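Architecture and fold: a report
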Amino acid sequence: MKNNLILNYLNKNYPKSLKDEWDQVGKIVYFNDDVDKVLITLEVNNETIKLVKKNKIKLIISHHPIFLDSLNENKNEKQYINELKKNKITLFSIHTNFDNAPLGMKKAFSNRLPKTYKLINSNDCISNIKLTKKIYIEKIIKDIKQNFNFSYFNFLPELSKKKISEIKIVCGSGFSILKQYINTKKWTNETLFITSDLKWHNWQFIKNNKLNFLEISHDIENIFIDYIADQLKNNFKNLKLYKQYYDLYLIDKI
């Protein structure tokens, strides 16, 4: 089938109108060719190029785009683009338009949680989850460990016995987004905030403002891969799907 059938389907569910202004999504490299194999990945790297060339895959769907206007600053990404063009491989990215879509990252995350976690739809990339009953933070951590496969948690030890009634989560690096929300004062002491890649000064802000925060690994975004693969499997029966996961490991897991 022509890859445009697949790309039009993804554009319909995750339109460019939902992307953040700075983001570059859609057709990064494009050839309107027939495809019978698709690779779904978080981002393009050396292993991606090897995988698609070895398996003669002509369409890559990535979460993180390659920013074409910064290729001169990143020789690796420039090489990836050249290899894709040379081998006539299409690269299509769905990033913040996926994060912001009602049936995107928020839905992918909430689908993995127990039924006691209820997703409340919103128009931004924050997953708003209401709990049917108050739950200790240590129980929330246990539930996430059981339903997701990623590397680590960071949180203030004194929070483990605190009860929570709602969760605000941004998968990936979302502290700046959550900080804007926090500044609106539309949260309570029973709100738990979850995101990745917190810096030292972020933790100082968290402690000074007595916020309930849980830091998780950025590879939580691997749920994008399974979620998109399931959609393509259900809508395009003859496609062969490949998945490339991005894993980070702590020393105590090796």
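So, here's what we can say about the structure. (Residues numbered from 1 in each chain as written. Predicted model: local features only at pLDDT ≥ 70, side-chain atom pairs only at ≥ 80, totals over all residues. Heavy atoms only, no water.)

**Details of the overall build of the protein**
Counting secondary structure elements, the protein contains 9 helices and 11 strands. Since a compact globule built from 254 residues should have a radius of gyration of about 18 Å, the 19 Å found for the protein is in line with a globular shape. Each of the three principal axes of the protein carries a C-alpha extent, and together these read 55 × 40 × 40 Å. Counting the 254 residues in the protein, one finds 50% classified as buried. Considering only contacts within the protein whose residues lie at least 6 apart along the sequence, 69% involve residues at least 24 apart. On the protein, the mean spot of the 42 positive side-chain charges and the mean spot of the 27 negative ones are 4 Å from each other. (Helix = DSSP H or I, 4+ residues; strand = E, 2+ residues; numbered from the N terminus. Rg over C-alpha atoms; globule rule 2.2 N^0.38 Å. Buried < 20%, exposed > 50% of the residue type's maximum accessible area, 1.4 Å probe, protein only. Contact = heavy atoms within 4.5 Å. Lys, Arg positive; Asp, Glu negative; His and termini not counted. Charge placed at Lys NZ, Arg CZ, Asp CG, Glu CD.)

**Details of the pattern of salt bridges**
Applying the stated rule across the entire model yields 10 salt bridges. Residue E47 is joined to K50 by a salt bridge in which the shortest nitrogen-to-oxygen separation is 3.7 Å. Residue E47 and its partner K50 are both found in helix 2 (residues 46-55); the two are separated by 3 residues, about one turn of the helix. For E47, a relative accessible area of 46% corresponds to the partly exposed category. The exposure class of K50 is exposed, given its relative accessible area of 54%. Its salt-bridge partner being K134, residue E190 comes within 2.8 Å of it at the nearest N-O pair. Within this pair, whereas E190 is found in the loop between helix 7 (175-182) and strand 9 (191-195), its partner K134 is found in strand 6 (residues 127-136), the two being separated by 56 residues in sequence. When its relative accessible area of 25% is taken as the criterion, E190 is described as partly exposed. Here the salt bridges share partners, and the residues they tie into one network are R112, D226 and K243. (Salt bridge = Lys/Arg side-chain N within 4 Å of Asp/Glu carboxyl O.)

**Let's talk about the layout of surface pockets**
For the largest pocket, the calculated volume is near 250 Å³. Together, 19 residues line the largest pocket, and T96, D99, C171, S173 and I177 are the ones closest to its centre. Among the elements that make up the lining of the largest pocket, the one with the highest residue count is helix 4 (residues 96-100) (3 residues). Broken down by class, the residue content of the lining of the largest pocket amounts to 7 nonpolar, 8 polar and 4 charged. (1 Å grid on protein atoms, 1.4 Å probe; cavity = no way out; pocket = protein on both sides within 12 Å on 5 of 7 lines; lining within 4 Å. Points joined across faces, edges and corners; volume = space filled by probe spheres on them. Nonpolar A, V, L, I, M, F, W, Y, C, P; charged D, E, K, R; others polar.)

**Some words on the packing of aromatic side chains**
Aromatic ring pairs are described here by two measures, namely the spacing of the ring centres and the angle between the planes. The full count for this structure, using the stated rule, is 11 aromatic pairs. Seen from their ring centres, F109 and F148 are 4.9 Å apart, and the 20° between their planes marks the pair as stacked. Separated by 39 residues along the polypeptide, F109 in helix 5 (residues 105-110) and F148 in the loop between helix 6 (137-147) and strand 7 (153-155) bring together distant segments of the chain. For F109, a relative accessible area of 1% puts it in the buried group. By way of ring pairs, the aromatic residues F175, Y181, W187, F193, F205 and F213 are connected into one cluster. Directly above the aromatic system of Y30 lies the positively charged group of K27, at a separation of 4.1 Å from the ring centroid. (Phe/Tyr/Trp six-rings, centres within 6.5 Å; stacked < 30°, edge-to-face > 60°. Lys NZ or Arg CZ within 6 Å of the ring centre and 35° of its normal.)

**Thoughts on the environment of L192**
Relative to the helices and strands, L192 is located in strand 9. Separated by 30 residues in the primary sequence, L192 and K162 have C-alpha atoms spaced 9.8 Å apart. Leaving out residues up to four positions away in the same chain, L192 has contacts with I137, I140, I164, E166, I167, K168, N212, F213 and L214.

**Describing the sheet that holds strand 4 (residues 90-93)**
The mixed open sheet is built from 5 strands, whose spatial order is 1-4-3-2-11. Looking at which strands have only one partner, the edges of the open sheet turn out to be strand 1 (26-29) and strand 11 (240-244). Each adjacent strand pair in this sheet contributes to an overall mean axis angle of 25°, direction not counted. Looking at chain direction, strand 2 (residues 37-41) and strand 11 are connected through 5 bridges and run parallel. Bridging across to strand 11, L39 finds its partner in Y242. Contacting strand 2, strand 3 (59-62) and strand 11, helix 2 runs over the sheet at an angle of about 170° to strand 2. Sheet contacts for helix 9 (residues 223-235): strand 2, strand 3 and strand 11; angle to strand 2, the most-contacted strand, approximately 155°. (Pairing = 2+ DSSP bridges. Axes fitted to C-alpha atoms, helices over the stretch in contact; angles between N-to-C directions.)

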